[in-house]
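Here is what each chain is made of, one letter per residue.
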Amino acid sequence: MENNFFNILFSRKSVRNFTDKEVTKEQLEHIVKAGMTAPSAMNKQPWTFIIIDDRKLLDTLGDRLPHSKMLMQASAAIIVCGDMHKALEDWQQEYWVQDCSAASMNILLATEAMGLGSVWTGLYPAKGRVRTVVELLGLPEHIIPLNAIPIGYPAGIETPKDKFNPSAIHWNGWKK
Ligand SMILES: Cc1cc2nc3c(=O)[nH]c(=O)nc-3n(C[C@H](O)[C@H](O)[C@H](O)COP(=O)(O)O)c2cc1C
């Protein structure tokens, strides 16, 4: 029997078209809370979340980031960032990307569960996009923005893709 979690998981899709309806601060805080439940290497939680609900700032970001132009339609956005002061050291530092990605996936699923829509738009490792966001948001050197996630009420255009692909599954090693 399908439970609620699997309904949400299989319903999630990137939403790039939003209505004018506002997402509240309480909703946004709840979504970030879901992000923070993610696992992280050695439980370092090397993340920080910048919530943006300022219309002018959303428009400026959307204008300056062509791959994230849906920010101009969205009611809000969350910028998921890695915090290098909280990250592991040496070769393990790069785990921040995986940790912040896990948090990001939780955010996408939380929005779906709340009847909202969202889309992961990539920043890191695209140097130019990272620079743009660092400048516009005034981020200190140890904060690296991984992605920008526009959030809003879906205009109802997008549908989930069926990605099930049996050929991408291998049992007990690589066998033809
Ligand atoms: C690392 C990453 C970067 C992405 N960057 C962008 C982006 O810059 N702009 C965009 O519109 N979508 C972006 N996406 C969303 C993907 O295009 C989308 O997840 C993919 O087409 C699958 O569709 P679905 O999310 O509806 O299942 C990104 C997704 C990931 C995971």
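One can find the structure itself at the top, above this paragraph.
Given the structure is predicted, the values throughout are model-derived calculations rather than measurements.

Draft legend 1. Here's a closer look at the site of the ligand. All residues in the neighbourhood of the ligand are listed as Lys13, Ser14, Arg16, His67, Ser68, Val119, Trp120, Thr121, Gly122 and Lys161. Here the shell around the ligand is composed, by residue class, of two nonpolar, five polar and three charged.

Draft legend 2. Here's a closer look at the nonpolar core. In terms of nonpolar packing, the biggest core is built from 37 residues, with Ala77, Ile78, Val80 and Ala148 touching the most fellow members. Mapped by element, the contributors of at least two residues to this core are α2 (25–35), β1 (47–52), α3 (55–64), β2 (76–83), α4 (95–113) and β5 (143–152).

Draft legend 3. Focus on the packing of α2 against α4. Two numbers describe how α2 lies on α4: the axes approach to 7 Å, and their chain directions differ by 140 degrees. Between α2 and α4, the angle falls in the class oblique. Two packed elements cross with a definite hand, and for α2 against α4 that hand is right-handed. Residue-level inspection shows Ile31, Ala34 and Gly35 of α2 in contact with α4, the latter providing Ala103, Asn106, Ile107, Ala110 and Thr111. Of the residues assigned to the contact of α2 with α4, the class counts are five nonpolar, three polar and no charged.

Draft legend 4. Representation of the packing of helix α1 (residues 4–11) against α4 within the structure. Where α1 meets α4, the axes come as close as 9 Å, and the angle between the chain directions of the two elements is 105 degrees. Considering their axes alone, α1 and α4 lie roughly perpendicular with respect to each other. Facing α1, whose interface residues are Ile8, Leu9 and Ser11, α4 presents Leu109, Glu112 and Ala113. For the contact of α1 with α4, a count of residues per class yields four nonpolar, one polar and one charged.

Draft legend 5. Looking closely at the pairing of β5. With respect to burial, β5 is a largely interior element, nine of its 10 residues being buried. Pairing of β2 with β5, which is carried by eight bridges, proceeds in the antiparallel orientation. Considered in β5, the bridge of Ala76 is made with Ile151. Both strand β3 (residues 117–118) and β5 contribute to a ladder of two bridges, which runs antiparallel. Across the sheet, residue Gly117 finds its bridge partner in β5, namely Gly152. Of the pairings in the sheet, the one linking strand β4 (residues 121–122) to β5 comprises two bridges and is antiparallel in character. Along β5, the bridge assignment pairs Gly122 with Asn147.

Scoring rules and cut-offs
- Residues numbered from 1 in each chain as written.
- Predicted model: local features only at pLDDT ≥ 70, side-chain atom pairs only at ≥ 80, totals over all residues.
- Near = placed C-beta within 6 Å.
- Nonpolar A, V, L, I, M, F, W, Y, C, P; charged D, E, K, R; others polar.
- Core = buried A, V, L, I, M, F, W, Y, C linked by C-beta atoms within 7 Å.
- Buried ≥ 20, exposed ≤ 12 C-beta atoms within 10 Å, placed from the backbone.
- Helix = DSSP H or I, 4+ residues; strand = E, 2+ residues; numbered from the N terminus.
- Axes fitted to C-alpha atoms, helices over the stretch in contact; angles between N-to-C directions.
- Parallel < 35°, antiparallel > 145°, perpendicular 65-115°, else oblique.
- Left-handed = near helix turned anticlockwise from the far one by under 90°.
- Contact = placed C-beta atoms within 7 Å.
- Pairing = 2+ DSSP bridges.

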